[in-house]
Amino acid sequence: MADPINTEAAETVNPIIERAARALARRDSNGPGDESEWPSYTNDARAVLRAIREPFDAFDEPLAQAGASVLSGGSDHWQHKQNAKLVWQAMIDAALGEE
C-alpha cells in the first residue's frame, strides 16, 4: 500500500524512483493513466530496486553473461561477469541515491 503523499520529497526524488513510482501509481489508479498519487509510491519503488540489487541464484549466471557480453564484446570470461555484477549494483545504488 502506498504512503501518504509527501510533496517535499516528491520535489527531490531521483528520476528513476519517480518513473517507477509513477508506474506503480498508474497500476493502482482508478482512471487510465492517472499518476497523481505517484509521490506516495516512492518507498515502494525503492523497495523494488533494493530487492533486485542482488541477482538471485537462478538468474545470476544469465545476468552475468548478458552483462559480460556487453562489457567485453562477447566474451564470457569470469572477470567480465564479476564486472557486470558490480556495474549492475552501482547502477541500482545510484538510482537509490546510495553511492
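A quick note: this is a predicted structure, and the numbers were derived from the prediction, not measured.

Student: For this particular structure, what's the right way to read helix H3 (residues 42-53)?
Tutor: For an α-helix, the turn length of 3.6 residues means that residues three or four places apart are oriented alike. Helix length check: H3 (twelve residues) gives 17 Å between terminal C-alpha atoms against 16 Å at 1.5 Å per residue, within 8%. Listed in full, the buried residues belonging to H3 are Thr 42, Ala 45 and Leu 49. Seen from one end, H3 has its buried residues packed into an arc of 60°, which puts them on one side.

Student: What am I meant to see in a nonpolar patch on the surface here?
Tutor: Side chains of Val 48, Ile 52 and Trp 88 sit close together on the surface and give an oily, nonpolar patch of about 250 Å² of accessible area. Relative to the helices and strands, Trp 88 resides in helix H5 (residues 78-96).

Student: How do you make sense of helix H2 (residues 15-28) when you look at a structure like this?
Tutor: For H2, which comprises 14 residues, the first-to-last C-alpha distance of 20 Å matches the rise-based estimate of 20 Å (1.5 Å per residue) to within 8%. If you check which residues of H2 are buried, you get Ile 17, Ala 21, Leu 24 and Ala 25. When H2 is viewed along its axis, its buried side chains cluster within an angular range of 100° and face the same direction. Counted as exposed and oriented over 90 degrees from the buried face of H2: Pro 15, Arg 19 and Arg 27.

Student: What is the right way to look at the confidence of the model for the chain in this model?
Tutor: When pLDDT is averaged across the chain, the result is 78; 75% of the residues are at 70 or more. Taken element by element, the predicted model of the chain shows its lowest mean pLDDT in helix H1 (residues 7-12) (57) and its highest in H2 (92).

Student: Looking at this structure, how should I read the environment of Leu 86?
Tutor: In this fold, Leu 86 is placed in helix H5. Leu 86 sits 32 residues away from Glu 54 along the chain, and the two C-alpha atoms are 9.9 Å apart.

Student: Please explain the environment of Arg 53 as it appears in this structure.
Tutor: Here Arg 53 is to be found in helix H3. C-alpha of Arg 53 to C-alpha of Trp 88: the two residues are 35 residues apart in sequence and 7.3 Å apart in space. Once you skip the residues sitting within four places of it in the chain, Arg 53 turns out to touch Trp 88, Gln 89, Ile 92 and Asp 93. A distance of 2.5 Å separates the side chain of Arg 53 from the side chain of Asp 93, its partner in a polar contact.

Thresholds, definitions, all that
- Residues numbered from 1 in each chain as written.
- Predicted model: local features only at pLDDT ≥ 70, side-chain atom pairs only at ≥ 80, totals over all residues.
- Heavy atoms only, no water.
- Helix = DSSP H or I, 4+ residues; strand = E, 2+ residues; numbered from the N terminus.
- Expected span 1.5 Å × (residues − 1).
- Buried < 20%, exposed > 50% of the residue type's maximum accessible area, 1.4 Å probe, protein only.
- Arc of directions from axis to C-beta.
- Patch = residues over 30% accessible without salt bridge, like charges linked within 9 Å, V, L, I, M, F, W, Y side chains within 5 Å.
- Areas by Shrake-Rupley, 256 points an atom, 1.4 Å probe, with all protein chains shown as cover.
- Salt bridge = Lys/Arg side-chain N within 4 Å of Asp/Glu carboxyl O.
- pLDDT = per-residue confidence, 0-100.
- Contact = heavy atoms within 4.5 Å.
- Polar contact = N/O pair within 3.5 Å; in protein donor to acceptor, adjacent residues only side chain to side chain.

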